[in-house]
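Residue-level structural notes
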Amino acid sequence: MKKLTIAEMRKKELARFSEVYSIDLADAKKLVNSFYRFCWLESNLFYLENNESTANSAYVKDLQKKEENWTERLQKNLAAHGLVMVWFGYLPTICESGTTKTALERYFYE
C-alpha cells in the first residue's frame, strides 16, 4: 500500500474533522489552515525567544503581540464548534472543550 504524503494525510484528516464536528468543509478548511499557520508562528517564536541575539528584539515583540491576538481569535472560532486549543508542549493541539481528547490529528512537514 502506498504511503500517504503529508498533504494527503492533512486532506483526509480535514474531511474527518469536518464530518465528526459537523463543520462545513470550507469553514473547517479555514480553521485548520489558520491553525497550521499559527503553529508555524509558535514554532518560530520558540526559537526566536530562546536565542540571546533575538529574544528581546522589536521583531519578536511584534510577533508575540500577533500571537496573542491570533490565539484569542482562533480560540473564539474553535469555541463556536465546542473545541479549544490546549498546549501539551510548545505547540497547541485542538481538543474537545473540557477534555484532552484530540479533535484534529496534526501532520507537519520536517
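The following paragraphs examine the structure supplied in this document.

The rules behind these values
- Residues numbered from 1 in each chain as written.
- Predicted model: local features only at pLDDT ≥ 70, side-chain atom pairs only at ≥ 80, totals over all residues.
- Heavy atoms only, no water.
- Helix = DSSP H or I, 4+ residues; strand = E, 2+ residues; numbered from the N terminus.
- Buried < 20%, exposed > 50% of the residue type's maximum accessible area, 1.4 Å probe, protein only.
- Contact = heavy atoms within 4.5 Å.
- Areas by Shrake-Rupley, 256 points an atom, 1.4 Å probe, with all protein chains shown as cover.
- Lys, Arg positive; Asp, Glu negative; His and termini not counted.
- Charge placed at Lys NZ, Arg CZ, Asp CG, Glu CD.
- Expected span 1.5 Å × (residues − 1).

Of the regular secondary structure elements, the protein holds three helices and two strands. Overall, the protein shows an N-to-C arrangement of helices and strands of α-α-α-β-β. For the protein, the spread of C-alpha atoms along the three principal axes comes to 45 × 35 × 25 Å. Sorting the 110 residues of the protein into buried and exposed places 32% on the buried side. A separation threshold of at least 6 residues defines the contact pool for the protein, and within that pool the share at least 24 residues apart is 48%. Within the structure as shown, the protein displays about 7,500 Å² of accessible surface, and the carbon and sulfur contribution to it stands at 53%. Considering the protein, the positive charge centre built from 16 side chains and the negative charge centre built from 15 side chains are found 5 Å apart.

Let us look at unusual backbone geometry. For S22, which is not glycine, the phi torsion reads 50° and is therefore positive. Topologically, S22 is positioned in the loop between α1 (6–20) and α2 (25–49).

Moving on, we get to helix α3 (residues 58–79). Given a rise of 1.5 Å per residue, 22 residues ought to cover 32 Å, and the 32 Å separating the end C-alpha atoms of α3 matches this to within 8%. As for α3, its buried residues are in contact with α2, β1 (83–87) and β2 (92–96).

Taken by themselves, the reported measurements are silent on function.
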